[in-house]
Amino acid sequence: MPESIPAFCKIVRAYWVFYIMMLPAGLVLIVNNYIPMFGVLIAFKNINYAKGILQSPWIGFQNFKFLFSTEAAWIITRNTVCYNAVFIFLNLLVAIAFAIMFNEMRGRFLSKFHQSAMFLPFFLSMIVVSYLVYAFLGQDHGFLNTVVFPKFGIEPIEWYSEPKYWPLILPFVNIWKNIGYYTVIYMAAMLGIDNEYYEAALMDGASKWHQIKNITIPLLVPVMIVMTLLQIGKIFYADFGLFFQVTRNAGALYPATQVVDTYVYQTFLSMGDIGMSSAAGVFQSVVGFLLVLGSNLIVRRISKENALF
């Protein structure tokens, strides 16, 4: 250990300019990411605002027990994990499909136009998206109920009272909003693929499908793994705007749309228990961290060079 200290000092002396350049970003990281971790204590205390965080009494894991002792615990956990698993799968599959299609388009102008059109929804807030969805699904003035269904003799559907439709609606809305972002990432990765691979495959008589299957997709695997691992780390986090705003917080839809984030928010509004809300955040972070470690370990055993770390 003592020998490593002089070695570190030599490295700092040799590259001091780079350490100074790194200092502002390091300070921002410490202030924004590490100092707020002090708030983890709230999850293990019965917060008394008069006494403050440090002086409030310890209650151990009682705040965590609340999340698992209610009748809705299984429903919110199931919905959160299942929806995010579907989102991860669709984001990967659909984004790669669109990225390959755009990459193979001969008209560069059309390709750029379609990319921009797909990327636009990513910048819309969930408030705007919720009104767009309501414009289609509204009971009295929705486009489907007032224009489309009458043409086919279909009775209007009370979308915001029927939970069975939302396991299909929510993944569709999520894909529509985020697919442009993921498509751009995979297209950027494709730009790094050397054209010599395709030229050699073309000389060997490989069709376009064989080029995609044997060159494009295998070379995208490292990016696919990184993106998937990052999303797995958030599998216990739900898009609050998607599940709260788009569904208009309709109570009839709770069996199909209630997730951890919306449940904690509603419980905090009714009970004002900041300790329980903090416990939910700690639980989500710890589980996400363990899932990333476990997933990366599996990838590392299968293909070491494709592992995240």
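Colleague: Is there a simple way to explain the packing of helix α4 (residues 73-104) against helix α10 (residues 208-232) in this structure?
Modeller: Each pair of packed helices gets described by two things: the angle between the helix axes and the distance between those axes. Close contact between α4 and α10 brings their axes to 10 Å; oriented N to C, the two are set at 140 degrees. As the angle between them shows, α4 and α10 are arranged oblique. Helix-helix and strand crossings are classified by hand; for α4 and α10 the assignment is right-handed. Residues I88, N91, L92, I96, I100 and E104 of α4 form the contact with α10, whose participating residues are K208, I212, T216, I217, M224, T228, Q231 and I232. Taken together, the residues of the contact of α4 with α10 break down into 8 nonpolar, 4 polar and 2 charged.

Colleague: Can you help me understand helix α5 (residues 108-119) in this one?
Modeller: Helical periodicity: at 3.6 residues per turn, an α-helix aligns residues three or four positions apart in one direction. Along its 12 residues, α5 runs 16 Å from first to last C-alpha, staying within 8% of the 16 Å computed at 1.5 Å per residue. Of the residues making up α5, those classed as buried are S111, Q115 and M118. Viewed along the axis of α5, the buried residues span an arc of 70 degrees, placing them on a single side of the element. Residues of α5 that are exposed and angled more than 90 degrees away from the buried face: F109 and K112.

Colleague: I would appreciate a short explanation of the side chain of K45 in the present structure.
Modeller: Locating K45 in the fold gives a position in the loop between α2 (16-34) and α3 (62-69). A distance of 3.3 Å separates a polar atom in the side chain of K45 from the backbone oxygen of S56. Residues contacting K45, with those up to four places away along its chain left out, are I53, L54, Q55, S56, P57, W58, I59, N63 and G275.

Colleague: Could you clarify how one ought to interpret the nonpolar core in this entry?
Modeller: For soluble globular proteins, the rule of thumb is that nonpolar side chains tend to be buried together. Ranked by internal contacts, the top residues of the largest apolar core, which has 22 residues, are W166, L242, F243 and V246. Mapped onto this core, the elements with two or more residues apiece are α4, α6 (126-137), α8 (166-191) and α11 (240-246). Not counting the four nearest positions on each side in its chain, F243 is found in contact with Y83, F87, L170, A238, T257, V259 and T262. Among the nonpolar cores identified, the runner-up in size contains 17 residues, and I179, Y186, M187 and I212 belong to it.

Rules and cut-offs
- Residue positions are given per chain, counting from 1 as you read along its sequence in written order.
- Totals for whole chains, interfaces and linings use every residue, but because this is a predicted model, local features are given only for residues with pLDDT of at least 70 and side-chain atom pairs only at 80 or more, for both listing and counting.
- Side-chain measures were taken over the full set of non-hydrogen atoms in the model, leaving aside hydrogen atoms and water.
- The angle between two axes is taken between their N-to-C directions and runs from 0 to 180 degrees, where each axis is a line fitted to C-alpha atoms and a helix contributes only its stretch in contact.
- The helix count covers DSSP runs of H or I at least four residues long, the strand count covers runs of E at least two residues long, and both are numbered beginning at the N terminus.
- For classification, angles of less than 35 degrees are called roughly parallel, those exceeding 145 degrees roughly antiparallel, those between 65 and 115 degrees roughly perpendicular, and all remaining angles oblique.
- By the definition used in this description, the sense in which the near helix is turned from the far one sets the handedness, with an anticlockwise turn below a right angle giving left-handed and a clockwise turn giving right-handed.
- The contact definition used throughout considers only heavy atoms, calling two residues in contact when any of these lie within 4.5 Å.
- Three residue categories are used. Nonpolar comprises Ala, Val, Leu, Ile, Met, Phe, Trp, Tyr, Cys and Pro, charged comprises Asp, Glu, Lys and Arg, and polar comprises the others, including Gly.
- The span you would expect from a helix comes to 1.5 Å times its residue count less one.
- When accessible area is computed with a 1.4 Å probe and restricted to protein chains, residues below 20% of their type maximum are described as buried, those above 50% as exposed, and intermediate ones as partly exposed.
- Directions drawn from the helix axis to the C-beta atoms are what define this arc.
- Any pair of N or O atoms that falls within 3.5 Å is considered a polar contact. Within protein, one atom must be able to donate a hydrogen and the other to accept it, and sequence-neighbouring residues count only if both atoms are side-chain atoms.
- In these notes, a set of buried Ala, Val, Leu, Ile, Met, Phe, Trp, Tyr and Cys residues joined through side-chain atoms within 4.5 Å is what counts as a nonpolar core.

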